[in-house]
Amino acid sequence: MILLTGGAGYIGSHMLCELLEANHDVIILDNLSNSSVEAVKRVESLTNKHCTFIEGDIRDRQLLDDIFSQHSIDSVLHFAGLKAVGESAEKPLMYFENNITGSLVLLEAMKAANVKKIVFSSSATVYGDPEQLPITEDCPTSMPTNPYGYTKLAVEQMMMQLVQSDPAWSVAALRYFNPVGAHSSGMIGEDPQGVPNNLLPYIAQVSVGRRDKLSVYGNDYDTHDGTGVRDYIHVVDLAKGHLRALDYIADKTGYFVWNLGTGNGFSVLDMVKAFENASGKKIPYQVVDRREGDIAACFADPKKAAVELGWTTQKNIDDMMEDTWRWQSQNPQGYGN
Ligand code: NAD
Ligand code: UFG
């Protein structure tokens, strides 16, 4: 059985879908601080399979002990966390408490239960402003410019030292580039609360009239059209990467890091155009100042995951846009419908 923390969230719900389709038994722990249980219900109806859902917090040690003692858990997929970069700059202690303390409590409970396999949702943010492109896993990590990024690096380093202290652990840190898209059914997708921080959810909300226009944060970067370049990866490809990582660590111990990206960079304006093509909707935009903390370009070298995990992305930019449009147009208010 797999414990999936944060399984009601955007990426977690797509992960749940892949896990159930691969016939894994899954128990979800999520406090619903940024998600809806509706996502879990929809995955169950999509897959015609069931999981156990527990509404609760990864910082609740007693609850974790109960979960580990009542279920025979082999591995943990750890997605639970707060992820808004801007909010983290305003409330750093809340981010340290939730993401770092939460992960620490989870690791302590795992140790006590002798469950020593974990796959962790890390981020390309740990590379900071990259020294080279594409980014390989041996590029140096650097002190992130925001508290959210710091929590990812801190948890990675905690787990690395844990493995050094006890080689029975098996830890996979997956450094995501920019997850986008939705399940091809249109039944689950990204449903940010409040004003979206990220590009594609913002574009999608403009397309259904929830926002007037997109603000493009700067067009004077050193990129092909001056706007920021990122490596957007379809959330279903991303989830499949976790299944491979889980298989990989099943019979190995140690600390492993993999980039999960496509290796391709698209600019903000490329994304606007691709979304317009997929949706037939015009996306009005206005160029504004750069957003503080943004970098010009960031994209992965995904070779290590290809060679070691046998994983490569299958979905292209048009799939990402078509699936986002299907989800957004079928659920203009997200799960609030
Ligand atoms: P999300 O907010 O949709 O999902 C996170 C889930 O964790 C939510 O369901 C939330 O309710 C839950 N949660 C938060 N704190 C919790 C706690 N203390 N106890 C229990 N549940 C808790 O975010 P997502 O986009 O699905 O991201 C999943 C993971 O991937 C996060 O760790 C995030 O930092 C990481 N990540 C996301 C991105 C991205 O762009 N979406 C990029 C890199 C890494
Ligand atoms: N952008 C806009 N307008 C918007 C939103 C974004 O122009 O309204 C631009 C940004 O300036 C950037 C690009 O679109 O050039 C992508 O921005 P996102 O906010 O979607 O993504 P980021 O690359 O800034 O950050 C994301 C996640 C982080 C994660 C990082 C690396 O939000 O959590 O990818 O994986 F750490």
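Up top is the structure these notes are about.
So, here's what we can say about the structure.

Conventions and cut-offs
Residue indices begin from 1 for each chain and proceed along its sequence in written order. Starting at A for chains and at 1 for ligands, labels are handed out in the order in which the entities are written. For a predicted model such as this one, the threshold for reporting local features is a pLDDT of at least 70, and the threshold for listing and counting side-chain atom pairs is 80 or more; totals across whole chains, interfaces and linings nevertheless cover every residue. Each side-chain value is worked out from all heavy atoms of the structure, with water and hydrogens disregarded. Throughout, near means a residue has at least one heavy atom within 4 Å of the molecule or strand. Two N or O atoms count as a polar contact when they lie within 3.5 Å, although within protein this holds only if one can serve as hydrogen donor and the other as acceptor, and sequence-adjacent residues are included solely when both atoms are side-chain atoms. Under the convention used here, a 1.4 Å probe and the Shrake-Rupley method define accessible areas, while residue burial counts only the protein chains that appear. Helix numbers and strand numbers start at the N terminus; a helix is a DSSP run of H or I with at least 4 residues, a strand a run of E with at least 2. For the exposure calls, accessible area comes from a 1.4 Å probe over protein chains only, and a residue counts as buried if that area is under 20% of its type's maximum, exposed if over 50%, partly exposed in between. We call two residues contacting when some pair of their heavy atoms lies within 4.5 Å. Helix axes are fitted only over the stretch in contact, all axes being lines through C-alpha atoms; the angle between N-to-C directions runs from 0 to 180 degrees. In this scheme, roughly parallel covers angles under 35 degrees and roughly antiparallel covers those over 145, while 65 to 115 is roughly perpendicular and the rest are oblique. Handedness of each helix crossing follows the sense of rotation of the near helix against the far helix: counterclockwise by less than a right angle gives left-handed, clockwise gives right-handed. Strand pairing is defined by DSSP finding a minimum of two bridges between the two strands.

Overview of the site of ligand 2
Step number 1: Taken together, 20 residues are adjacent to ligand 2, and Ser 123, Asn 198, Ser 215, Arg 230 and Asp 294 come closest.
Step number 2: In the model, an oxygen atom of ligand 2 is placed 3.3 Å from a nitrogen or oxygen of the Ser 123 side chain.
Step number 3: Measuring from an oxygen atom of ligand 2, one finds a side-chain N or O atom of Asn 198 at 2.7 Å.
Step number 4: In isolation ligand 2 exposes 690 Å². Once the protein is present, 90% of that is buried.
Step number 5: The greatest single-element share of the shell around ligand 2, amounting to four residues, is contributed by strand E8 (residues 214-217).

Here's the deal with the side chain of Glu 18
Step number 1: Turning to its location among the elements, Glu 18 is positioned in helix H1 (residues 10-21).
Step number 2: A residue is classified by how much of its surface remains accessible, and Glu 18, at 7% relative accessible area, is buried.
Step number 3: Reaching out from Glu 18, the side chain makes a polar contact with the side chain of Lys 240 at a distance of 3.0 Å.
Step number 4: Ignoring sequence-local partners within four residues, the contact set of Glu 18 consists of Val 236, Ala 239, Lys 240 and Leu 243.

Regarding helix H2 (residues 37-47)
Step number 1: All buried positions along H2 are accounted for by Ala 39, Val 40, Arg 42, Val 43, Glu 44 and Thr 47.
Step number 2: Those residues of H2 that are buried lie in contact with H1, strand E2 (26-30), strand E3 (52-55) and helix H11 (317-330).
Step number 3: By the N-cap criterion, in which a side-chain oxygen at the helix start approaches the backbone nitrogen of a residue two or three places on, H2 is capped by Ser 36, the distance to Glu 38 being 3.0 Å.

Considerations on the side chain of Glu 44
Step number 1: Within the fold, Glu 44 resides in helix H2.
Step number 2: In this structure Glu 44 touches Lys 49, His 50 and Cys 51, once residues within four positions along its chain are discounted.

Concerning the packing of H1 against helix H8 (residues 235-250)
Step number 1: Where H1 contacts H8, the two axes come as close as 9 Å, and the packing angle between them is 60 degrees. One way to sum up the angle between H1 and H8 is to call them oblique. For H1 against H8, the interelement crossing comes out right-handed. Residues Tyr 10, Ile 11, His 14, Met 15, Glu 18 and Leu 19 of H1 pack against Val 235, Val 236, Leu 238, Ala 239, Lys 240, His 242, Leu 243 and Leu 246 of H8.

A look at the sheet that holds strand E6 (residues 170-176)
Step number 1: Read across the open sheet, the seven strands follow the order E3-E2-E1-E4-E5-E6-E11; overall the sheet is parallel. At either end of the open sheet lies a strand with only one pairing partner, and these are E3 and strand E11 (254-260). This sheet shows a mean twist of 20 degrees between the axes of neighbouring strands, independent of strand direction.
Step number 2: Sheet topology note: the strand E1 (residues 2-5)/E2 ladder contains four bridges and is parallel. The residue bridging Leu 3 from the neighbouring strand is Ile 27, located in E2.
Step number 3: Docked against the sheet, helix H6 (residues 147-165) engages strand E5 (117-123), E6 and E11, running at close to 150 degrees with respect to E5.

Digging into the sheet that holds strand E14 (residues 297-298)
Step number 1: Here three strands make up an open sheet; going across it, the order is E12-E9-E14 and the pairing mixed. With one partner strand each, in any of the chains shown, strand E12 (266-267) and E14 form the two edges of the open sheet.
Step number 2: The pairing of strand E9 (residues 229-230) with E12 spans two bridges and is antiparallel. Pairing of Val 229 across the sheet is with Ser 267, part of E12.

Re the environment of Met 158
Step number 1: When you line up the elements, Met 158 lands in helix H6.
Step number 2: We classify Met 158 as partly exposed; its relative accessible area is 24%.
Step number 3: Sequence spacing of Met 158 and Ile 100 is 58 residues, and the spatial spacing of their C-alpha atoms is 9.2 Å.
Step number 4: Contact partners of Met 158, with chain neighbours within four places excluded, come to Ile 100, Ser 103, Leu 104 and Leu 107.

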